[in-house]
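The residues making up each chain are set out below.
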Amino acid sequence: MQKIILIVVIIVLGLLAFNYFTTGELSLMPAGGSSDDGRELNRLRGEFRAAAREFRQAGRSAGLSGMDTTDAAGAALAAVERVEGQVASLAKRAEDAEVKTEAEKLLNEIRKYKQDIS
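So, here is what we can say about the structure in this document. These numbers come from a predicted model, not from an experiment.

## A few points about the nonpolar core
Logical step 1: Residues L41, F48, V80, V83, V87, L106 and I110 are the most contacted members of the largest nonpolar core, which totals 18 residues.
Logical step 2: Secondary structure elements with two or more residues in this core: helix 2 (36–65), helix 3 (70–93) and helix 4 (97–117).

Laid out in structure tokens, this is it:
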């Protein structure tokens, strides 16, 4: 019985971690996930955060090893640009006010990130 409880706890923690890293929300079921636009926004948020992590990792690798990581950094920035365009498009076409608001927040987060790294 204890093994079953342990397995359930591990699965729940895994789901929480997955949702946190993809949506930024610590919940079992992310909000806004019921509509297609909400799911797309969550996917784009996850892609943006992954690209931002890759950019930071490229900077750390360059600093620690002295290797040229401009290709990795450039690819990460290109991914951020692509995600920004997709989020802007989603914000314009979204019918749900909550999705539109969340898309605008993500756009602001992306723009602030781009300002911080330049």
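## Digging into the packing of aromatic side chains
Logical step 1: This model, assessed by the stated rule, comprises one aromatic pair.
Logical step 2: Pairing F48 with Y113 gives two aromatic rings, centres 5.6 Å apart and planes at 85 degrees, and the pair type is edge-to-face. Here the residue F48 occupies a position in helix 2, and Y113 occupies one in helix 4, the gap between them amounting to 65 residues.
Logical step 3: Owing to a relative accessible area of 12%, Y113 belongs among the buried residues under this scheme.

## Comments concerning a nonpolar patch on the surface
Logical step 1: Taken together, the side chains of M1, I4, I5, V8, V9, V12 and L13 define a hydrophobic patch exposed on the protein surface, amounting to about 670 Å² of accessible area.
Logical step 2: For I4, the position within the fold is in helix 1 (residues 2–23).

## Re the environment of F48
Logical step 1: Exposure remark for F48: the relative accessible area of 3% places this residue in the buried category.
Logical step 2: Residues F48 and V83 lie 35 residues apart in sequence; the distance between their C-alpha atoms is 6.3 Å.
Logical step 3: Each residue touching F48, except ones within four places of it in the same chain, is listed here: V80, V83, L106, E109, I110 and Y113.

Reading guide: rules and limits
Every chain is numbered independently, its residues counted from 1 as its sequence is written. Side-chain atom pairs in this predicted model are given and counted only at pLDDT of 80 or more, local residue features only at pLDDT of at least 70, and totals for whole chains, interfaces and linings cover all residues. Computation of side-chain values covers all heavy atoms of the structure but excludes hydrogens and water. For this analysis, a nonpolar core means a set of buried residues of the types Ala, Val, Leu, Ile, Met, Phe, Trp, Tyr and Cys, connected via side-chain atoms within 4.5 Å. Accessibility here uses a 1.4 Å probe with only protein chains present; expressed as a share of the type maximum, an area under 20% marks a residue as buried, one over 50% as exposed, and anything in between as partly exposed. For helices the rule is a DSSP run of H or I covering at least 4 residues; for strands it is a run of E covering at least 2, with both sets numbered from the N terminus onward. Working definition: a ring pair exists when centres of Phe, Tyr or Trp rings (six-membered ring for Trp) sit within 6.5 Å. Plane angles under 30 degrees give stacked, over 60 give edge-to-face, the rest tilted. The residues that make up patches have over 30% relative accessible area and no salt bridge, and they are joined within 9 Å when like-charged or within 5 Å when they are Val, Leu, Ile, Met, Phe, Trp or Tyr. Every accessible area reported is derived by Shrake-Rupley at a probe size of 1.4 Å, with residue values counting cover from the shown protein chains alone. The rule for a salt bridge is simple: a side-chain nitrogen of Lys or Arg has to be within 4 Å of a carboxyl oxygen of Asp or Glu. Contacts are residue-level and defined by heavy atoms, with any inter-residue pair within 4.5 Å sufficient.

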